Amino acid sequence: MQKIPQKAFCIGIAVFMAISFYGTEQTQAAAKSYEFGNVTMNHATKSQGGEPVIFRHWSHRSKYTCRLCHVDLEFSQVANETGVLEEDNRAGMFCGACHNGKEAFAIDNCTACHPKNKQHAKEMERQAKRDFQKLRKNMPPSVYGNKIDWMQAEVDGKITPKDFLPGISLQKTAKLVNKRDEPRTPALPGLPDIIFSHSKHVVWNGCGMCHPDTFALETGKTKMSMKEITQGKFCGRCHGTIAFALNDCSRCHSKPISQ
Ligand code: HEC
Ligand code: HEC
Ligand code: HEC
Ligand code: HEC
Ligand code: HEC
Ligand code: HEC
């Protein structure tokens, strides 16, 4: 009888593990392209009996970097943790930093964010779907998530996300650069290595979205497993929620094993 080559055996295990992850852990995978990255904000509106506010990443990340909102404007990277209040928005914080009638529609347009009732919420959803399809038509495609290859869209000049808001962001000095790759060998032999590229992340995320809270400033120090990632930790805080989905195994496990 022929021996099963080790490599094929390992890939077999990986496929089996992939199936078991998705059976138990993965809840985001089912989001539709036009809903992927939507955040239901209801920390206050829920108790007040109102409809939640739906924040759409796709409509905003096509215009701004992640860093601008999550570092300069202090939005949490965990849904509903920011605790946005009406008076905050009026004071020019959070949504109100842009929704001031200059950068974007004014905060007085209450029902552009707050649905009047369930029926209105459905209409807003349908409108958002139409707007999404219009945007997506001109974008380089990808298989998962929003089905838009956001990095390619930036390279192609289809989007030029702003990284600066006057009066809020600090005056930009020379951009911080880190071109270092952080390779990782997963704990399952036979699976391709992961290449984490700083230069590809920094464009969108700056440094403060990852350091020092999520990742140690020392190569190899942060211990992480695929299970934790599918539970939304480490890489999984962004991948699977906002950035490309975790189904796209080979975009992270990309360096072929030599042998
Ligand atoms: C750009 C979007 C946007 C607009 C426009 C907007 N809001 Fe809000 N508002 C939010 C978000 C986001 C929250 C947080 C929702 C939550 O987590 O429950 C919120 C929360 C609230 C809350 C609950 C929190 C609190 O402070 O008690 C009230 C009340 C409220 N908004 C009233 C208004 C009114 C009235 C207007 C129009 C004058 C308005 N909002 C316009 C985005 C918006
Ligand atoms: C225009 C502002 C804005 C931009 C740009 C933006 N975000 Fe967000 N993000 C938000 C808001 C608002 C929330 C919801 C926060 C809350 O509910 O407290 C959020 C939530 C998140 C969450 C938590 C999602 C969840 O389901 O728990 C992650 C992760 C995240 N953003 C990552 C990113 C990444 C990565 C990018 C860039 C590709 C990005 N964001 C761009 C405003 C923004
Ligand atoms: C960094 C700037 C910025 C921030 C912060 C921001 N927005 Fe926007 N938003 C825009 C721009 C620009 C547009 C598109 C232009 C317009 O419609 O005026 C937009 C469009 C929208 C739209 C219409 C398109 C859609 O997604 O359905 C909604 C709703 C909206 N924002 C909600 C919010 C909420 C809720 C928050 C806070 C949780 C927020 N925005 C924070 C800049 C911002
Ligand atoms: C998307 C997340 C992310 C962003 C954004 C990011 N990093 Fe990192 N960084 C990592 C990861 C992951 C590691 C590896 C950590 C580990 O192995 O424990 C790392 C490691 C490092 C290290 C340790 C390298 C060594 O020699 O030991 C330094 C220094 C560093 N990053 C600096 C930066 C700087 C400066 C920026 C902004 C220009 C930045 N990082 C942006 C994720 C990020
Ligand atoms: C966003 C990047 C990313 C994606 C997408 C991704 N992985 Fe991983 N994977 C990692 C990282 C990071 C590790 C941990 C490496 C280490 O040990 O430091 C890992 C580890 C693993 C391991 C080793 C065992 C373990 O539990 O840590 C397996 C098996 C694995 N991944 C399978 C998969 C499969 C199957 C898919 C697709 C369904 C996938 N991965 C998608 C980044 C990713
Ligand atoms: C703070 C949010 C965040 C974290 C944490 C994060 N990423 Fe990303 N990553 C992004 C964004 C945004 C992009 C741009 C593409 C997109 O949005 O789909 C990206 C792109 C990538 C790419 C695509 C590069 C290419 O050439 O196509 C890889 C690979 C990747 N990330 C791996 C990882 C790994 C591995 C980790 C964990 C060690 C990680 N990321 C952690 C936000 C994040």
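Preceding block: the structure.
Residues numbered from 1 in each chain as written. Chains lettered and ligands numbered in written order. Predicted model: local features only at pLDDT ≥ 70, side-chain atom pairs only at ≥ 80, totals over all residues. Heavy atoms only, no water.

A. A look at the site of ligand 2. Near ligand 2 lie 23 residues; those nearest to it are His57, Cys66, Cys69, His70 and Thr82. With respect to ligand 2, the backbone of Ala79 contributes an N or O atom lying 3.1 Å from an oxygen atom. Here an oxygen atom of ligand 2 sits 2.5 Å away from a polar atom, N or O, in the side chain of Thr82. At the level of elements, strand E1 (38-41), helix H2 (57-61) and helix H3 (66-72) are the ones that each hand at least two residues to the shell around ligand 2. (Near = heavy atom within 4 Å. Polar contact = N/O pair within 3.5 Å; in protein donor to acceptor, adjacent residues only side chain to side chain. Helix = DSSP H or I, 4+ residues; strand = E, 2+ residues; numbered from the N terminus.)

B. Region of the structure containing the coordination of the iron atom of ligand 1. Among protein residues, the single donor to the iron atom of ligand 1 is His114 (NE2), with a metal-donor distance of 2.0 Å. Structurally, His114 can be placed in the loop between helix H5 (110-113) and helix H6 (118-137). (Donors = N, O, S within 2.8 Å, 3.2 Å for Na, K, Ca; no water.)

C. Summary view of the environment of Glu81. Structurally, Glu81 is set in the loop between H3 and helix H4 (86-90). Each C-alpha atom, one on Glu81 and one on Met41, is 9.2 Å from the other, the two residues being 40 residues apart in sequence. In this structure the side chain of Glu81 is engaged in a polar contact, spanning 3.3 Å, whose partner is the side chain of Ser76.

Purely geometric numbers; function is a separate question.
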